Amino acid sequence: MQTDIHQVLIGRRRIASRIQALARQITADLRSSGQRAPADDLPLTLVPILTGSIIFVADLIRHLPLRMRLNLISVSSYPGASTRSQGVRLRRALENLPPSLAGTHLLVLDDILDTGRTLTRVTQLLQRRQPASLRTCVLLRKDRPTAHNFPVNYVGFDIPDAFVVGFGLDFNGHYRNLPDIVTLKPQVIARVQRRG
Ligand code: XMP
């Protein structure tokens, strides 16, 4: 696996310290939205988008000192060996959430903002359930006009428009367990894509 890495874009220590900073910012913002209630009584639901966000979310929530629920949703746009979005497929999206989210503060979490289609679809669906507030947070945002068009509230890192893996992100199902955000050697991607 290590020999497939082309370049480490963001190392694990930088990721860890940025996640702590994000958590501080999110906590402060949520506390200020709960002016009429103690922050711990704020009905807060985190909505992580599977599968790529799992490691990010696992790290982030341990730095959020707030009472919260987790509602996982499943979306796929890079099936198999794709390195470009194939369109958003909402799999188990929203089925675990109550039909009305009135009074609930939502924080939608994703690994990476690329075309913006995933967050656009998911936030549109969630808004219909009328939450008290809806914020979005991504670990990575690609340097593409489409990504910058989506008004995300929290961004861990802005990265170049390259296909990245590690820290939860995969290529053809692999590399999620790499602790750093990396790019793969072009020949590794080509080899897998040739095999189909
Ligand atoms: P969109 O295009 O909807 O993309 O903003 C969001 C989803 O696409 C996947 N994605 C990637 N996965 N490396 C990956 O492993 C990448 O460089 C990449 N870019 C987008 C990811 O699942 C994300 O949730």
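What counts and what doesn't
Residues numbered from 1 in each chain as written. Predicted model: local features only at pLDDT ≥ 70, side-chain atom pairs only at ≥ 80, totals over all residues. Heavy atoms only, no water. Helix = DSSP H or I, 4+ residues; strand = E, 2+ residues; numbered from the N terminus. Buried < 20%, exposed > 50% of the residue type's maximum accessible area, 1.4 Å probe, protein only. Pairing = 2+ DSSP bridges. Contact = heavy atoms within 4.5 Å. Salt bridge = Lys/Arg side-chain N within 4 Å of Asp/Glu carboxyl O. Arc of directions from axis to C-beta. Near = heavy atom within 4 Å. Polar contact = N/O pair within 3.5 Å; in protein donor to acceptor, adjacent residues only side chain to side chain. Areas by Shrake-Rupley, 256 points an atom, 1.4 Å probe, with all protein chains shown as cover.

Asker: So what exactly am I meant to see when it comes to the side chain of Asn-71 here?
Answerer: With respect to the element layout, Asn-71 can be found in the loop between β3 (69-70) and β4 (73-76). Residue Asn-71 is classed as buried on the basis of its relative accessible area of 12%.

Asker: Would you explain the sheet that holds strand β9 (residues 164-165) in this entry?
Answerer: Backbone hydrogen bonds are what pair the strands of a sheet, in a parallel or an antiparallel way. The strand order across the open sheet formed by three strands is β1-β10-β9, and the pairing between neighbours is antiparallel. In this open sheet, the two edge strands, each paired with only one partner strand, are β1 (5-10) and β9. Here two bridges tie β9 to strand β10 (residues 181-184), and the two strands are oriented antiparallel to one another. Note that in β10 the partner of Val-165 across the bridge is Val-182.

Asker: I keep staring at the environment of Ile-181 and nothing clicks. Help me out?
Answerer: With respect to the helices and strands, the residue Ile-181 is situated in strand β10. C-alpha of Ile-181 to C-alpha of Val-164: the two residues are 17 residues apart in sequence and 6.5 Å apart in space. Ignoring anything within four residues of it in the chain, the contact list for Ile-181 reads Gln-7, Val-8, Leu-9, Ile-10, Ile-15, Leu-139, Leu-140, Val-164, Val-165, Gly-166, Phe-167 and Leu-169.

Asker: Which parts of the structure should I look at to understand the pattern of salt bridges?
Answerer: Once their charged atoms are close, side chains differing in charge can pair, the charge on each being opposite to the other. For the structure shown, the criterion picks out seven salt bridges. For Arg-62, the salt bridge goes to Asp-59, with nearest N and O atoms at 2.9 Å. Residue Arg-62 is classed as exposed on the basis of its relative accessible area, which comes to 63%. Residue Asp-59 is classed as partly exposed on the basis of its relative accessible area of 24%. In this structure, Arg-144 and Asp-161 form a salt bridge, with 3.8 Å as the shortest nitrogen-oxygen distance. Here Arg-144, found in the loop between β7 (133-142) and α4 (145-149), pairs with Asp-161, found in the loop between β8 (154-159) and β9; they are 17 residues apart in sequence, far enough to count as distant. Since its relative accessible area comes to 17%, Arg-144 is described here as buried. Connected via shared salt-bridge partners are Asp-114, Lys-142, Arg-144 and Asp-161.

Asker: What's the story with helix α2 (residues 54-61) in this structure? I'm lost.
Answerer: Since the α-helix turns once every 3.6 residues, residues separated by three or four places project in the same direction. Regarding α2, the residues found buried are Phe-56, Val-57 and Leu-60. Within α2, the buried residues cover an arc of 95° as seen down the axis, which keeps them to one side. Each element contacted by the buried residues of α2 is listed here: α1 (12-33), β2 (44-50), β3, β6 (105-113) and β7.

Asker: Explain the site of the ligand here, please?
Answerer: Around the ligand sit 17 residues, and of these Asp-111, Thr-115, Gly-116, Thr-118 and Val-164 come closest. Within the side chain of Asp-111, an N or O atom sits 2.7 Å from an oxygen atom of the ligand. Taking Gly-116, its main chain carries an N or O atom lying 2.7 Å from an oxygen atom of the ligand. For the ligand, whose accessible area on its own is 500 Å², the fraction buried by protein is 93%. Tallying contributions element by element places β6 first for the shell around the ligand, with four residues.

Asker: I would appreciate a short explanation of the pairing of β8 in the present structure.
Answerer: It is a general feature of regular strands that their side chains alternate between the two faces of the sheet. Among the six residues that make up β8, five are buried, leaving the element largely enclosed by the rest of the structure. The pairing of β7 with β8 spans five bridges and is classified as parallel. Residue pairing across strands places Val-138 opposite Val-155, the latter belonging to β8.

Asker: Quick question: what am I supposed to make of the environment of Asp-114 here?
Answerer: Note that Asp-114 resides in the loop between β6 and α3 (117-127). Put simply, Asp-114 and Thr-146 are 32 residues apart on the chain and 7.0 Å apart in space, counted from C-alpha to C-alpha.

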